Amino acid sequence: VLTSQVEVLGLVNAEAMASGIPVIGTSVFGVPELVEHGITGYLCDPNDPVSVADYLEFLLDHPDICREMGMKGREKVNRMHNLTLQVNALKNIWV
């Protein structure tokens, strides 16, 4: 859970997702580019602590959904932040 008012991306979000943990975060700046609402976690308004609590309670009560979101998050981070793919993309730009 990362309930920042201001967050460019939230490295901790990517780290949690890479570890297979679904994210509950705020829908600010670049966070929605990483966290897909209802797929890899949940996004809330930064001024809505009730939604954060509701989503957290939901995930705790539904471990199967929690695991599935965690797996999807891990797949997304591996796909987006794969070192080999990133290096090859840069090589294609420079060469």
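First, a word on what this report is: a plain description of the structure on this page. (Residues numbered from 1 in each chain as written. Predicted model: local features only at pLDDT ≥ 70, side-chain atom pairs only at ≥ 80, totals over all residues. Heavy atoms only, no water.)

Details of helix H5 (residues 83-94)
Next, step 1: Helix length check: H5 (12 residues) gives 16 Å between terminal C-alpha atoms against 16 Å at 1.5 Å per residue, within 8%.
Next, step 2: Taking the backbone nitrogen of threonine 84 as reference, a side-chain oxygen 2.9 Å away marks asparagine 82 as the first, capping residue of H5. (Helix = DSSP H or I, 4+ residues; strand = E, 2+ residues; numbered from the N terminus. Expected span 1.5 Å × (residues − 1). Polar contact = N/O pair within 3.5 Å; in protein donor to acceptor, adjacent residues only side chain to side chain.)

Quick look at the pattern of salt bridges
Next, step 1: Taken as a whole and assessed by the stated rule, the structure comprises 3 salt bridges.
Next, step 2: Note that lysine 72 and glutamate 68 form a salt bridge whose closest N and O atoms lie 3.1 Å from each other. One end of the pair is lysine 72 and the other is glutamate 68, both in helix H4 (residues 63-80) and 4 residues apart, which spans about a single turn.
Next, step 3: Its relative accessible area of 40% is what places glutamate 68 among the partly exposed residues. (Salt bridge = Lys/Arg side-chain N within 4 Å of Asp/Glu carboxyl O. Buried < 20%, exposed > 50% of the residue type's maximum accessible area, 1.4 Å probe, protein only.)

Observations concerning the nonpolar core
Next, step 1: Core analysis: the biggest nonpolar cluster contains 10 residues, these being Ala14, Ala16, Met17, Val23, Val28, Val31, Leu34, Val35, Leu43 and Val77.
Next, step 2: Counting residues per element, the ones that place at least two in this core are helix H1 (11-18) and helix H2 (31-34).
Next, step 3: The biggest single contributor to this core is H1, with 3 residues.
Next, step 4: Those residues in contact with valine 77 that lie beyond four places of it in its chain are Ala14, Met17, Ala18, Leu34 and Asn82. (Core = buried A, V, L, I, M, F, W, Y, C linked by side-chain atoms within 4.5 Å. Contact = heavy atoms within 4.5 Å.)

Section: the environment of threonine 26
Next, step 1: With respect to the helices, strands and loops of the structure, threonine 26 is situated in strand S1 (residues 23-26).
Next, step 2: For the pair threonine 26 and alanine 14, spaced 12 residues apart in sequence, the C-alpha separation works out to 14 Å.
Next, step 3: If we ignore the near neighbours within four places in the chain, the residues touching threonine 26 are Leu2, Thr3, Ser4, Val31, Leu43, Cys44, Asp45 and Pro46.
Next, step 4: Of the polar contacts made by the side chain of threonine 26, one reaches the backbone oxygen of serine 4; its length is 2.6 Å.

Examining a nonpolar patch on the surface
Next, step 1: A cluster of nonpolar side chains, Leu90, Ile93, Trp94 and Val95, forms an exposed patch at the surface whose accessible area comes to about 550 Å².
Next, step 2: Inspection of the secondary structure puts leucine 90 in helix H5. (Patch = residues over 30% accessible without salt bridge, like charges linked within 9 Å, V, L, I, M, F, W, Y side chains within 5 Å. Areas by Shrake-Rupley, 256 points an atom, 1.4 Å probe, with all protein chains shown as cover.)

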